[in-house]
Amino acid sequence: MIDKQEFIKAFGFEVLSDNEADDLAIENSDINRPGIQLAGFWDFFAYERPQLLGKVELEYLKQLDPAVKEERIAKLISYDIPCIIICHRIPCDEMLLRMAREKEIPVYMSRKDTTMVEMEMITWLSDQLAPRVTRHGVLVDVYGVGMMIAGESGVGKSEAALELIKRGHRLVADDVVDIRRVSDTLIGEAPPMIRHLMEIRGVGIIDIATIYGIGAVITSRTIDMVVHLEHWKKDKEYDRLGMDDEHTDILGISIPKLTIPIQPGRNIAIVLEVAARNLRLKQQGYNAAAILSERFNERLKKL
């Protein structure tokens, strides 16, 4: 379901016909242009989508015999369509508008051309209808890499993020990260109430945008990797070479994951910067651990 007022505001629609419902029954991001239905072919009609009418559809309606036009329009609005959108600010067909009002089907008008409206609606609806989840952690933009810092409460996630911000990187969200899946990409952002804010134990709530400037924050960021911070465990074997890539699943998408142990005196911010740079190198095909392994194999062959 899509909030009707947000939908109208997002595209600047002029309302020609409406109903009392607060929401539009839109459940996917696809759009339908009902030209072939107005021509009389109703098989596989995607009536559950917003119906987009441009110059072609409206001109075709004008050329139809009045009786045929009434029959086609009546057939169109007999389905539970969420809304009809007229593009190019073309005057809506009077018969269509009258019958839509009788059926209480919302009809909106846009000044933009049909292709532009369709593209913008697909993008906007994909974002609004994206699967969502909320995770505990801190999301920071480090060298263009969306890094989500996770770990148990009190391990030092916010302090590590604060040091990164001090070094010129940008905060997206602290403590609570709202994550949505758009296509095969994860996008994280802060809930509006705590946007740009950070909690530092012993200090309290601070406003990063006010203290460090607006350039120290960003509204949203793709999540490219997850770094799990934990207190050093003597009996645990930590990865020292980076040969085995670890991943974690968020909303069905596999994300690279690193586990970094925390010890007094260890500069975690620098480690996180190196992790971000190393991820970008791996994405470009350069893997230092794999190169080291190849060198060892070549040396062994010569023995």
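Scoring rules and cut-offs
Residues numbered from 1 in each chain as written. Predicted model: local features only at pLDDT ≥ 70, side-chain atom pairs only at ≥ 80, totals over all residues. Heavy atoms only, no water. Patch = residues over 30% accessible without salt bridge, like charges linked within 9 Å, V, L, I, M, F, W, Y side chains within 5 Å. Areas by Shrake-Rupley, 256 points an atom, 1.4 Å probe, with all protein chains shown as cover. Salt bridge = Lys/Arg side-chain N within 4 Å of Asp/Glu carboxyl O. Lys, Arg positive; Asp, Glu negative; His and termini not counted. Charge placed at Lys NZ, Arg CZ, Asp CG, Glu CD. Helix = DSSP H or I, 4+ residues; strand = E, 2+ residues; numbered from the N terminus. Phe/Tyr/Trp six-rings, centres within 6.5 Å; stacked < 30°, edge-to-face > 60°. Buried < 20%, exposed > 50% of the residue type's maximum accessible area, 1.4 Å probe, protein only. Lys NZ or Arg CZ within 6 Å of the ring centre and 35° of its normal. Polar contact = N/O pair within 3.5 Å; in protein donor to acceptor, adjacent residues only side chain to side chain. Contact = heavy atoms within 4.5 Å. Disulfide = S-S within 2.5 Å. Pairing = 2+ DSSP bridges. Axes fitted to C-alpha atoms, helices over the stretch in contact; angles between N-to-C directions. Arc of directions from axis to C-beta.

Engineer: What's the story with a negative patch on the surface in this structure? I'm lost.
Structural biologist: A contiguous patch of negative charge on the surface is contributed by Asp 3, Glu 6, Asp 22 and Asp 23. Within the fold, Asp 3 resides in strand S1 (residues 2-3).

Engineer: What am I meant to see in the packing of aromatic side chains here?
Structural biologist: A ring pair, where both rings are aromatic, is described by two values, the distance of the centres and the angle of the planes. Under the definition given, this model contains 12 aromatic pairs. Between Phe 7 and Phe 11 the ring centres are 5.5 Å apart and the planes differ by 65 degrees, which places this aromatic pair in the edge-to-face class. Taken together, the residues span about one helical turn, with Phe 7 and Phe 11 both in helix H1 (residues 4-11) at a distance of 4 residues. Geometrically, the ring pair formed by Phe 11 and Phe 13 is stacked, given 5.3 Å between the ring centres and 20 degrees between the ring planes. Here the two residues Phe 11 and Phe 13 agree in accessibility, since each one is buried. Joined through ring pairs, the aromatic side chains of Phe 7, Phe 11, Phe 13, Tyr 108 and Trp 124 make up one cluster. Across from the ring centre of Trp 42, 5.9 Å away, lies the NZ or CZ of Lys 75, which sits over that ring. Stacked on the ring of Tyr 143, the Lys or Arg Arg 277 has its end atom at 4.0 Å from the ring centre.

Engineer: Teacher, can you tell me more about the side chain of Ser 110 here?
Structural biologist: Within the fold, Ser 110 resides in the loop between strand S6 (107-109) and helix H6 (114-128). Ser 110 sits in the buried class, given a relative accessible area of 2%. At 3.1 Å, the side chain of Ser 110 forms a polar contact with the backbone nitrogen of Lys 112. Look past the residues within four positions of Ser 110 in its chain and what remains in contact with it is Phe 13, Ile 86, Cys 87, His 88, Arg 89 and Val 117.

Engineer: What exactly am I supposed to notice about the state of the cysteines here?
Structural biologist: Between two cysteines, a covalent bond joining their sulfur atoms is known as a disulfide. Going through the model one piece at a time under the given rule, you end up with 0 disulfides. Note on Cys 87: no disulfide assigned, nearest cysteine sulfur contributed by Cys 83 at a separation of 11 Å. On the accessibility criterion, Cys 87 (0% relative accessible area) is buried. Left unpaired, Cys 92 is separated from the closest cysteine sulfur, that of Cys 87, by 11 Å.

Engineer: What exactly am I supposed to notice about the sheet that holds strand S5 (residues 84-86) here?
Structural biologist: Backbone hydrogen bonds are what pair the strands of a sheet, in a parallel or an antiparallel way. Strand order in this open sheet of 4 strands is S2-S6-S5-S4, and the pairing throughout is mixed. The open sheet is flanked by strand S2 (14-17) and strand S4 (51-53), the only strands paired with a single partner. With strand direction ignored, the average angle separating the axes of adjacent strands in the sheet is 25 degrees. Here S4 pairs with S5 via 3 bridges, running parallel. Note on S5: the bridge partner recorded for Gln 51 is Ile 84.

Engineer: What's the story with the pairing of strand S13 (residues 197-200) in this structure? I'm lost.
Structural biologist: Sheet faces and side chains relate simply in a regular strand, where the side chains alternate between the two faces. Alternating residues of S13 divide into Met 198 and Ile 200, all buried, and Leu 197 and Glu 199, none buried. As paired elements, S13 and strand S14 (residues 204-207) share 4 bridges and run antiparallel to each other. Across the sheet, residue Leu 197 finds its bridge partner in S14, namely Asp 207. Connecting the antiparallel pair S13 and S14 is a turn made up of 3 residues, with Gly 202 showing a positive phi of about 95 degrees.

Engineer: Can you walk me through unusual backbone geometry in this structure?
Structural biologist: When glycine is set aside, most residues are seen to have a negative phi, and most peptide bonds are trans. The backbone phi angle of His 88 is positive, close to 65 degrees, even though this residue is not glycine. With respect to the element layout, His 88 can be found in the loop between S5 and helix H5 (94-102). On the accessibility criterion, His 88 (28% relative accessible area) is partly exposed.

Engineer: Looking at this structure, how should I read H1?
Structural biologist: A turn of α-helix holds 3.6 residues, and therefore any two residues three or four places apart point the same way. Where H1 is concerned, the buried positions are Lys 4, Phe 7, Ile 8 and Phe 11. An end-on view of H1 places all buried positions within 95 degrees of arc, on one side of the element. Opposite the packed face of H1, turned more than 90 degrees from it, sit the exposed residues Gln 5 and Lys 9. Turning to H1, the residues buried within the fold contact S1, S2, strand S3 (23-24), S5, S6 and H6. Positive backbone phi, approximately 65 degrees, marks Gly 12, located one or two places after H1.

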